[in-house]
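Reading the structure
Chain by chain, the residues run as shown.
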Amino acid sequence: MLTASPLFSHRRYWAARFGIAPFLPMSRAEMDTLGWDSCDIVLVTGDAYVDHPSFGMAIVGRLLEAQGFRVGILAQPDWTSAEPFKALGRPKLFFGVTAGNMDSMVNRYTADRRLRHNDAYTPGDEGGKRPDRAVIVYSQRCREAYPNAPVAIGGIEASLRRIAHYDYWSDTVRRSILLDAKADLLLYGNAERALVEIAHRAAAGEHLKAMHDLRGTAFIVKGPPEGWLEIDSTELDRPGPVEPHPDPYSPLPPGEGSGARALPRRPVRHDRAKTVIRLPGYEQVKSDPVLYAHASRLLHLETNPGNARALIQRHGDRDVWFNPPPVPLTTPELDAVFDLPYARVPHPSYGGARIPAYEMIRFSVNIMRGCFGGCTFCSITEHEGRIIQSRSEGSILREIEEIRDRTPGFTGVVSDLGGPTANMYRLACKSADIEKHCRRLSCVHPDICPNLDTDHSPLVTLYRKARALPGVKKVLVASGVRYDLAVRDPAYVRELVTHHVGGYLKIAPEHTEAGPLAKMMKPGIGAYDRFKELFEKFSKEAGKEQYLIPYFIAAHPGTSDEDMLELALWLKRNGFRADQVQAFLPSPMALATAMYHSGRNPLKGLHRDRGETVDSPKGLKQRRLHKAFLRYHDPENWPLLREALKRMGRMDLIGNGKRHLIPLWQPAGTGLGGGEGQRAGRKHGPQRVLTQHTGLPPRAKTIPPVKKGGNGKSLPKPAPDRRSARTLTQGSPCGAGKRRGPR
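Here, residues in each chain are numbered from 1, in the same order as that chain's written sequence. Note on the predicted model: pLDDT of at least 70 is required for a residue's local features to be given, and 80 or more for side-chain atom pairs to be given and counted; whole-chain, interface and lining totals, by contrast, use all residues. Each side-chain value is derived from all of the structure's non-hydrogen atoms; neither hydrogens nor water enter the calculation.

Bringing unusual backbone geometry into the picture now. The omega angle of the peptide bond from His-445 to Pro-446 is 5 degrees, so this bond is cis rather than trans. In this fold, Pro-446 is placed in the loop between α14 (432-437) and α15 (457-467). One non-glycine residue with positive phi stands out, namely Arg-344, at about 70 degrees. Looking at the element boundaries, Arg-344 is found in the loop between α10 (331-338) and α11 (356-361). Each helix is a run of H or I in the DSSP string that is no shorter than four residues. Each strand is a run of E no shorter than two, and both are numbered from the N terminus.

What follows is the structure in structure tokens.
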């Protein structure tokens, strides 16, 4: 079992005498009211400051405050000059910089690289309040404001860009963000443990540049220190005894290799605590797609905190060193983080301005962190890890009572009891020793691991206790449900469907065809069919009319036009009509992004002369076509689909009968706008798009699912409640599950 210093084991800093702030200060006037002459730590974020545990800066700020430090926040500062970064003065210890709960490029641009005109993390949903590549810009402005102040960067943008990475928006491989930001230290993943250690050591006089022994950090070095074994990941032969790798996702399967030369069949036995793996350097992966895929594969195989080794990557004449991932928080530690004295509302300086991200989560409760799904397109597993960190029942129930008693506008309905995935609460490996040594990329692909405990009874018990609280009328589950796990425990499905579905339930098959699903590491559509049977059975027993809302991804690597056609036919057979759809967005560091950029499959062994290649829809026209297949019912898409069906030799699907996908005729005034993929926004109409990063619900109603009448005709059914139906789009690992916690 991994051990680490308890999160709250440090002696509190002397500034604890100032007590707890109603809100962490955002101005000098607030600092004066608190009696502060300066801040010990200044946090800079691209999000509005909402003092709620679903917002990373609130968690980080309140945690540091609990350690005794005076923490100020610069939320969405004007980055056009350094002056706004002087608003709170020079921090005594360091600046902490993050882009916010989202990568700034994902926040500002669509999957078609078009500018968004709204920002759910900004008052008034106003776009343009954060710069592109916010971590780099903010860090450089901090340096301009106070050249000698140490700077640490963290959050999801820093996490996913810590190594040399493919950047979709510039269509280039960029170097580690640590170098461009000119920061002293980078924190990745859930960083509470490292952050607390950094703050106390900085208070004791140690500089951030000297802190090289903290898990979950990256920094610049001049080569490995003395006494370390360096392994070149592209070596051909290494002597010594072998160690077995029974796992199918072992980084070095028999007979397979990677890089410019074949990799060895087995790694040597060595002291992992003093071993560093040298990844191909920035200049190499920038010019060689095969080496890029190899580096991505190695990075993901070294993410288990129990067995991960340090990594190193050359950038010019410098090396960037990556320590192993952080040790996950224990249940008491996670409880303590969520029990901190959050005000649970936005900072008063925003007045009555609406912040959509807050409106979405203010009545919801996050019960866990992490996801072991390993979906290749999703950043949640990459950022929060595969080991589930669950809160205790007591902590969760206390938060529900806090919402009931303190959150304005609460009507008795808890909008969500979930997390990145709704039904992974307290699920874990049956053996701590197996978990420590496992190198699988997913616990549920290609099938559910026999060592995974899939018992949902703790979650069922939690549901029952939550809805029994005084003043609570209903507890909904709005996070995505991992249905291949749920079908293993029909009692959970019964409980969920009977009591916790508000008319619609989101799940994410993502596709129907085996080829794309294998590249996504998602289960086959048969698992969806089994869950649908249980869902409909238990809905009928409960006397409720409820619907499943499946999510799908267009233009994912490994998806052909024929695959999208089959998905469109499946949607029509099942009566689904998507109001909005989302094309695959290659987020930094994702395995699917490595497929997109390199044309190789890093899920399997790599070799320069052999190995599986992956074709990706890249051109705007093909990406539009794939989105159009998901919206086959929209007349605007019919010209594009007719052209494609003719080219594919499927003219049998063009006609006016029920068996046809699209009609022969075109309604007057339609089909002139270019179909799916046309620009939208404030000047062009609504633009409400989900990505795998946001977790935000759509804000436009969909066409409801349909039910077959006795005569075989499709009869539209009205929504069973007043909540907007969920759109079909790309979500989190299991469909738009929320991504919360420190960023």
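Here we take up helix α17 (residues 490-499). Residues of α17 that are buried: Tyr-492, Val-493, Glu-495, Leu-496 and Val-497. Tucked into the core, α17 has its buried residues touching α15, α16 (483-486), β19 (504-510) and α19 (525-541). Exposed residues in this analysis have more than 50% of their type's maximum accessible area, buried residues have under 20%, and partly exposed residues fall in between, with area computed by a 1.4 Å probe over protein chains only. Two residues form a contact once any of their heavy atoms are found within 4.5 Å.

Here we come to the sheet that holds strand β21 (residues 582-583). Pairing between two strands requires that DSSP report at least two bridges joining them. Reading across the sheet, the 3 strands line up as β19-β20-β21 and stay open at both edges, with parallel pairing between neighbours. Looking at strand neighbours, the two that pair on one side only are β19 and β21, the edges of this open sheet. Bridge count between β19 and strand β20 (residues 547-554): 5 bridges; the pairing is parallel. Residue pairing for β20: Glu-510 is matched across the bridge by Phe-552. The angle between two axes is taken between their N-to-C directions and runs from 0 to 180 degrees, where each axis is a line fitted to C-alpha atoms and a helix contributes only its stretch in contact. Along the sheet face, helix α22 (residues 620-630) touches β20 and β21 and points at about 165 degrees away from the line of β20.

Moving on: empty space enclosed by the protein. Two kinds of site are reported from a 1 Å grid over the protein atoms alone, namely cavities, where a 1.4 Å probe fits but cannot get out, and pockets, open sets with protein on both sides within 12 Å along at least five of seven lines, and residues are called lining when an atom falls within 4 Å of a point. Grid points are joined across faces, edges and corners, and a volume is the space filled by probe spheres set on the points. Going through the model one piece at a time under the given rule, you end up with 14 cavities of 30 Å³ or more. Of the voids in this model, the largest cavity is the one considered here, and its volume is about 310 Å³. Listed by contribution, the elements that provide at least two residues to the lining of the largest cavity are α7 (192-203), α9 (289-301) and α12 (380-384). Per-element accounting of the lining of the largest cavity gives the leading share, 4 residues, to α12. Across the lining of the largest cavity, the residue classes tally to 10 nonpolar, 8 polar and 6 charged. Each residue receives one of three labels: charged for Asp, Glu, Lys and Arg, nonpolar for Ala, Val, Leu, Ile, Met, Phe, Trp, Tyr, Cys and Pro, and polar for the others, Gly being one of them.

Take the nonpolar core next. Here, the term nonpolar core denotes a set of buried Ala, Val, Leu, Ile, Met, Phe, Trp, Tyr and Cys residues that are joined through side-chain atoms within 4.5 Å. With 165 residues, the main nonpolar core has Phe-94, Ile-400, Leu-417, Phe-531, Phe-629 and Leu-661 as its most contacted residues. The contact partners of Phe-629, leaving out residues within four places of it in the chain, are Asp-561, Met-564, Leu-565, Ala-568, Leu-641, Leu-645, Met-648 and Leu-661. Judged by nonpolar contacts, the second largest core, of 42 residues, contains Leu-88, Ala-149, Ile-163 and Ala-181.

What holds strands together in a sheet is hydrogen bonding between their backbones, with the strands either parallel or antiparallel. The strand order across the open sheet formed by 10 strands is β2-β1-β3-β4-β7-β8-β12-β11-β10-β9, and the pairing between neighbours is mixed. Among the strands making up the open sheet, the edge pair consists of β2 (71-75) and β9 (229-232). Averaged over all adjacent pairs, the angle separating strand axes in this sheet is 25 degrees, with direction ignored. Of the pairings in the sheet, the one linking strand β1 (residues 41-45) to strand β3 (residues 94-97) comprises 4 bridges and is parallel in character. Within β3, the position partnered with Leu-43 by the bridge is Gly-96.

Buried residues dominate strand β8 (residues 217-221), accounting for 4 of its 5 residues. As defined by bridge partners, strand β7 (residues 185-187) adjoins β8 across 2 bridges and the pair is classed as antiparallel. Bridging from a neighbouring strand, Leu-187 pairs with Thr-217 of β8. In this structure, β8 lies alongside strand β12 (residues 318-322), joined through 4 bridges in antiparallel fashion. Note that in β12 the partner of Ile-220 across the bridge is Val-320.

Before going further, it helps to examine the pattern of salt bridges. Counted as salt bridges are all cases of a side-chain nitrogen of Lys or Arg within 4 Å of a carboxyl oxygen of Asp or Glu. What the rule picks out here adds up to 49 salt bridges. A salt bridge links Arg-62 to Glu-65, with the nearest nitrogen and oxygen atoms 2.9 Å apart. With Arg-62 and Glu-65 both in helix α2 (residues 56-66) and 3 residues apart, the pair spans about one turn of that helix. Under the relative-accessibility criterion, Arg-62 is labelled buried at 0%. For Arg-133, the salt bridge is made with Asp-167, and the minimal N-O distance between the two is 2.9 Å. Highlighted residues: Arg-133 in the loop between α3 (104-108) and α4 (134-145) and Asp-167 in strand β5 (residues 165-167), separated in sequence by 34 residues. Take Asp-167: its relative accessible area is 0%, and that puts it in the buried class.

A word on the packing of aromatic side chains. Paired rings are identified among Phe, Tyr and Trp, the last through its six-membered ring, by centres lying within 6.5 Å, and are further divided according to the angle between planes into stacked (under 30 degrees), edge-to-face (over 60) and tilted (the rest). Enumeration according to the criterion identifies 23 aromatic pairs in this entry. An angle of 25 degrees between the planes, with centres 4.7 Å apart, marks the rings of Tyr-13 and Phe-69 as stacked. Here the residue Tyr-13 occupies a position in the segment before α1 (28-34), and Phe-69 occupies one in the loop between α2 and β2, the gap between them amounting to 56 residues. The pair Tyr-13 / Phe-69 is uniform in exposure class, with both members buried. Residues Tyr-168 and Tyr-596 carry aromatic rings whose centres are separated by 6.0 Å and whose planes lie at 75 degrees to one another, so their mutual orientation is edge-to-face. Pair noted here: Tyr-168 is in the loop between β5 and β6 (172-174) and Tyr-596 is in helix α21 (residues 591-598), with a separation of 428 residues, a long-range link. A network of ring pairs unites the aromatic residues Tyr-483, Tyr-528, Phe-531, Phe-535, Phe-552, Trp-570 and Phe-576 as a single cluster. Over the face of the ring belonging to Tyr-596 we find Lys-618, whose NZ or CZ atom lies 4.8 Å from the ring centre. Only lysine NZ and arginine CZ atoms are considered, and such an atom sits over a ring when it is within 6 Å of the ring centre and within 35 degrees of the ring normal.

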